[in-house]
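The lines below spell out each chain.
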Amino acid sequence: LKAPSSPPRSEATAAMPSDYNKGTKVFVGNLPAHAESRDLRDFFRGFGQLNDAWVARKPPGFGFVWFEDERDAVLSPICPRAPARSLRERHMSVRSP
């Protein structure tokens with residue numbers, strides 16, 4: 001028996017990178033326009049093992065970090081250091097799964 005073939009992916013779907021293997025994603029909002037992914041890595045490094053960090057450019061002001069362990073992603077916004085949540089003198093909005 002021949003397995004049915006998958007339907008073709010749309011161009012939009014094909015262009016979107018997969019987060020599946022990166023770990024647990026945490027949204028970080030209200031970033032300064034000049035923030036960089038290394039700023040997110042430096043800030044969140046103390047909460048657990050990070051797999052990746054990304055900062056939007058158009059429009060700026062948000063990004064994501066991916067934690068290896070889901071427990072770190074869930075605890076990162078409520079950690080003792082997190083209430084300040086300031087990056088380059090701007091208060092960040094952090095939302096975990």
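Owing to the predicted nature of the structure, the values given are computational and were not obtained by experimental measurement.

This brings us to the overall build of the protein. From N to C terminus, the protein includes three helices and six strands. Listing each helix as α and each strand as β along the protein from the N terminus yields α-β-α-β-β-α-β-β-β. Of all 97 residues assigned to the protein, the portion counted as buried reaches 31%. Residue pairs at least 24 apart in sequence account for 57% of intrachain contacts in the protein once pairs closer than 6 positions are excluded. Within the structure as shown, the protein displays about 6800 Å² of accessible surface, and the carbon and sulfur contribution to it stands at 54%.

This part is about the pattern of salt bridges. By the definition in use, this model includes five salt bridges. Among the ionic pairs, arginine 38 bridges to glutamate 36, the shortest N-O distance being 2.9 Å. Accessibility expressed as a relative area gives 48% for arginine 38, which makes it partly exposed. Three or more residues joined by partner-sharing salt bridges are found here, namely Lys22, Arg41 and Asp52.

Our focus in this paragraph is the confidence of the model for the protein. For the protein, per-residue confidence averages 75 on the pLDDT scale, and residues scoring 70 or more make up 63% of the total. Element-level mean pLDDT values for the protein span from 37 in helix α1 (residues 11-15) up to 95 in strand β2 (residues 50-57). Overall, residues 2-16 carries pLDDT values under 50, and its contacts beyond four positions in sequence, including any with other chains, amount to one contact.

We now examine the packing of aromatic side chains. Counted by the stated rule, this structure contains ten aromatic pairs. Measuring from ring centre to ring centre gives 6.2 Å for phenylalanine 27 and phenylalanine 62, while their planes differ by 20 degrees; the resulting arrangement is stacked. Pair noted here: phenylalanine 27 is in strand β1 (residues 24-29) and phenylalanine 62 is in strand β3 (residues 60-67), with a separation of 35 residues, a long-range link. Overall, phenylalanine 27 belongs to the partly exposed group, its relative accessible area being 23%. For phenylalanine 62, a relative accessible area of 24% translates into the label partly exposed. Their ring planes at 20 degrees and their centres at 6.1 Å tell us that tryptophan 54 and phenylalanine 64 sit as a pair that is stacked. Within this pair, whereas tryptophan 54 is found in strand β2, its partner phenylalanine 64 is found in strand β3, the two being separated by ten residues in sequence.

Thresholds, definitions, all that
- Residues numbered from 1 in each chain as written.
- Predicted model: local features only at pLDDT ≥ 70, side-chain atom pairs only at ≥ 80, totals over all residues.
- Heavy atoms only, no water.
- Helix = DSSP H or I, 4+ residues; strand = E, 2+ residues; numbered from the N terminus.
- Buried < 20%, exposed > 50% of the residue type's maximum accessible area, 1.4 Å probe, protein only.
- Contact = heavy atoms within 4.5 Å.
- Areas by Shrake-Rupley, 256 points an atom, 1.4 Å probe, with all protein chains shown as cover.
- Salt bridge = Lys/Arg side-chain N within 4 Å of Asp/Glu carboxyl O.
- pLDDT = per-residue confidence, 0-100.
- Phe/Tyr/Trp six-rings, centres within 6.5 Å; stacked < 30°, edge-to-face > 60°.

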